[in-house]
Each structure stands twice: as structure tokens, then as C-alpha cells.
Amino acid sequence: MSSTVIPSATTPAAPVTTADRWYPLRRSTEAVLAPAIALIVAAALFSAFLLFLGASPLDFIALVWRGAFGTWFSIQNTVERAAPLLLTALCVALPGQLGLVIIGGEAAVVLGGLAATVAALPLVNTSPVIVWTAMAGAGTAMGAVWIGLSGWLRAKLNVNEVIASLVLSYIGLALFNHLVEGVLRDPASLNKPSTYGIGDKNMLDTVPWLGLHPGLPVGILACILCWVLIYRTSIGFASRVTGGNVRAAQLQGLPVTKLIMLACAIGGGCAGLAGAIQVAAEYGRANASLNAGYGYTGILIAFLARFNPLVVMPMALLLGGLGAADGLLQRRLDLPDATIQVLQGLIFVAILTSDTLYGRFRWFQPRGNG
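Residues numbered from 1 in each chain as written. Predicted model: local features only at pLDDT ≥ 70, side-chain atom pairs only at ≥ 80, totals over all residues. Heavy atoms only, no water.

**A few points about the state of the cysteines**
Item 1. Taken as a whole, this structure holds zero disulfides when the rule is applied.
Item 2. The closest cysteine sulfur to the non-disulfide-bonded C223 is located on C226, 6.9 Å from its own sulfur.
Item 3. The closest cysteine sulfur to the non-disulfide-bonded C270 is located on C226, 4.5 Å from its own sulfur.
Item 4. Residue C270 is classed as buried on the basis of its relative accessible area, which comes to 10%. (Disulfide = S-S within 2.5 Å. Buried < 20%, exposed > 50% of the residue type's maximum accessible area, 1.4 Å probe, protein only.)

Encoded structure:
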């Protein structure tokens, strides 16, 4: 059996490595061109949208640069918005390596933040290090369980992961609201229902000497570790084989079920950790501020990065910068507050369209003859 299966899975590699030596370069070129052209198309469509509103696309670009990267304060604001996006994008990127589309990261963020708060409250009078450790562990575990459940449904019951993660996201957000506005609510939080606070002494400080969001180094480290996992380990290789052809991976004896559940759990753990960091660095308690769309924006970033954890970093800064410049754009160009969402939507549609065309052009395909 193995003598017939393994050669069939490896035969396409022969002409690529011998006769078609330029195929890896063409494939890398396509991987770069696909999102780049998608961004250009989205920019052209959005420029037409701005002109329809009577605004100048050039003024828009200048204000985005100024609001996102023009000053140190702008950079700090951009990083503050990008830090959780680094982790929520990994929630999509890791399962994406196996061909899965997980869109429930928003629930993992809010439930991770809630779990981190609950874990911290009994420890508020101990050392901040103990509090942070408990928060990181609880947030990560909660996110891993919640997104891991989508992986389990896909692997064990063959439930579509898009539907499963979407339904679980709605359930998670409803559960979060029920708990924060119910049994875990601080009676003193009148206008905005919240849990009890973790205390000022247990809040995370900014990065020393830079004043940047403390989630930035955590997110960068997570992206690097996930890249190593995917591209430098046997688990990552098996995951990419599974993403290329699930049937071939099963025939070769790869543990597809375990790989799916592991990828979803690690990705969900990253999103849950993002929620924990937001509580410890920004809010000091769990409330509706956690439901800020980090999980949904992470989907766009992961697709822009083509599920590559290293490319997630610049894409998160790009989307974080757009969010940081939102207020300036509204004041200077008198644009609606949903303008940035329109741009993100156009980018997402363009990226999805480019994905449907990926690998279809003859020049990028492997050639049997040199």
C-alpha cells in the first residue's frame, strides 16, 4: 500500500526540482503579487468611493500617514491597536495552514479577557507577577478551549469549521455579556457593566524606554514562534501537507485529526491571550470594551498575510495604523465614522477574489519541460 501511495504524492515535485527549476521563484512571486495587486485594486475602488464623497484620495493618504506614523504619539497609538491584532490574526493563520477558515476569534478574545479577570481577582493582593501569570494562563486556556471546540467539531463530526466557529462566536459573546452584566458584575459599574477591577498595581506597564503597548513584544514573539512551528518543525510540515491535500495526508498516515485540533487550540490560545493582555494593559477589568472587533480584523490580516505568521506583523501594523488615523480622517475630511470599515471591506473582498485566482495563471504553474 505505501509503495503506491507515497510515490503518487511526491511525483509532482520531480519536474519542479529538475526540469522546472524556476517554479519556486514563480510561486514566491505569485504569493507576493496576489495580495499586492489585491491591495492596489482595493485602493483604486476606495479612491473612487472617496471622490464620490467629495474627498481627495491624496489627502486621505497624507492624513493616514500622519495619524498612523507621522509622530511618536501616532506610532504609539498604532502599536496599541496593532498589538492584539498580531495575536488574533494567528487564530486564523494557524488553522489556515491546514485549509481551515476559523472566524470565531472575537469570542476567544472576550472570553479570554473574562477568564483572565476571574483568575486575577482572588490574587489581587499578591505579587503582580503571580497575577499576570494567572491571567495569561487562564486567558490562553479559555481561548484554546473555545476555538479548539471548533476544531474538534470539524475533525470528529465533520462540521464545517466556518459555521461552527461562527455559531460558537455568537454563543461566546452572549455568554460574556450574560456573565459581565449578571453574576460577575461590579455593582459600582452603572453606565458600563463591568467586572471588579484587578487593581492599578496589577496593570501592565508600557515597554521600557519606548512607551509602547506591552502586547507588542508578546505578539511579535508569538508570530516568530508560530513561524518556527509551521516552517521548521515536523508538525508544521505535516500541517502544510494536510492543508494541501487532506486525503493524501490521511493516506500517508498523518494524524490529521490531532493536527486540526492542535492548530485550532494554539490559534485560539493566542486570541485568548490577546484578551488577557488587553485587560491587564488597557481596561483593568472585563467589559464591553473587549468586544472591539479585534477578532474580525484578525481575519483580514491573516488573509492579507496568506497565513504566514511573519507577514502578519507588517499587516497588523497596516490595519492598526488605519484604525489609529480614523479620528483624524473624520475631523479633517468630514468623513463618516464607517469609512475605514468600508476600506477594510474592499480589501477583504479583493483578497478573497485574488485567492480564487491563485494558481490559475499558466505562467505560475509548474512546467514539465524546462
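**Things to note about helix α7 (residues 128-157)**
Item 1. Look at α7: 42 Å from first C-alpha to last across 30 residues, which is about the 44 Å you get at 1.5 Å a residue.
Item 2. The sharpest bend along α7 reaches about 25 degrees and sits at G148.
Item 3. All of the buried residues along α7 are V131, M135, A138, G139, G143, W146, I147, G148, S150, G151 and L153.
Item 4. Where α7 is buried, its residues touch α5 (72-96), α6 (105-120), α8 (161-180) and α12 (256-283).
Item 5. Looking one or two places after α7, you find N158, whose phi comes out positive at around 60 degrees. (Helix = DSSP H or I, 4+ residues; strand = E, 2+ residues; numbered from the N terminus. Expected span 1.5 Å × (residues − 1). Bend = angle between axes of the 7 residues up to and from the residue. Contact = heavy atoms within 4.5 Å.)

**Considering the confidence of the model for the protein chain**
Item 1. For the protein chain, the mean per-residue pLDDT works out to 89, and 93% of the residues sit at or above 70.
Item 2. Within the protein chain, the lowest mean pLDDT, 36, falls on helix α1 (residues 2-10), and the highest, 97, falls on α6.
Item 3. Every residue in residues 1-18 is under pLDDT 50, and counting partners more than four places away or in other chains gives 13 contacts. (pLDDT = per-residue confidence, 0-100.)

**With respect to the nonpolar core**
Item 1. In terms of nonpolar packing, the biggest core is built from 70 residues, with F60, I301 and L329 touching the most fellow members.
Item 2. Each residue touching L329, except ones within four places of it in the same chain, is listed here: F60, L63, V64, D334, L335 and I340.
Item 3. Core analysis: the next-biggest nonpolar cluster, separate from the first, contains 21 residues, L114, V131, M135 and F176 among them. (Core = buried A, V, L, I, M, F, W, Y, C linked by side-chain atoms within 4.5 Å.)

**Section: helix α15 (residues 326-333)**
Item 1. Inspection of α15 places D326, L328, L329 and L333 among the buried residues, and these make up the whole buried set. Angular distribution of buried residues about the axis of α15 spans 160 degrees; they occupy a single face of the element.
Item 2. In this structure, the buried residues of α15 make contact with α4 (57-69), α14 (309-324) and α16 (339-357). (Arc of directions from axis to C-beta.)

**As for the packing of aromatic side chains**
Item 1. For the structure shown, the criterion picks out six aromatic pairs.
Item 2. Considering the side-chain rings of W227 and Y231, the 5.7 Å spacing of their centres and the 35 degrees angle between planes classify their relative orientation as tilted. Linking W227 with Y231, this pair stays in helix α9 (residues 215-231), spanning four residues, or about one helical turn.
Item 3. Feature note: the residues F46, F49 and F60 constitute an aromatic cluster, connected by ring pairs. (Phe/Tyr/Trp six-rings, centres within 6.5 Å; stacked < 30°, edge-to-face > 60°.)

**Quick look at the environment of A292**
Item 1. Mapping A292 onto the fold places it in the loop between α12 and α13 (294-304).
Item 2. Along the primary structure A292 and V109 are separated by 183 residues, whereas in three dimensions their C-alpha atoms are 9.5 Å apart.

**Some words on the pattern of salt bridges**
Item 1. Across all of its chains, the model carries two salt bridges by this definition.
Item 2. Residue E161 pairs with R154 through a salt bridge whose shortest N-O separation is 3.1 Å.
Item 3. On the basis of relative accessibility, which here comes to 8%, the residue E161 falls in the buried class.
Item 4. For R154, a relative accessible area of 27% corresponds to the partly exposed category. (Salt bridge = Lys/Arg side-chain N within 4 Å of Asp/Glu carboxyl O.)

**Here we look at the side chain of T117**
Item 1. Within the secondary structure, T117 is located in helix α6.
Item 2. Judged by its relative accessible area of 0%, T117 is buried.
Item 3. Those residues in contact with T117 that sit more than four places away from it in its chain are T195, Y196, I198, V279, R285 and A286.

**With respect to the environment of R154**
Item 1. Within the secondary structure, R154 is located in helix α7.
Item 2. For the pair R154 and L173, spaced 19 residues apart in sequence, the C-alpha separation works out to 21 Å.
Item 3. When residues no more than four places from it in sequence are discounted, the contact partners of R154 are L100, V159, N160 and E161.
Item 4. Within the structure, the side chain of R154 is placed 2.7 Å from the side chain of N158, a separation counted as a polar contact. (Polar contact = N/O pair within 3.5 Å; in protein donor to acceptor, adjacent residues only side chain to side chain.)

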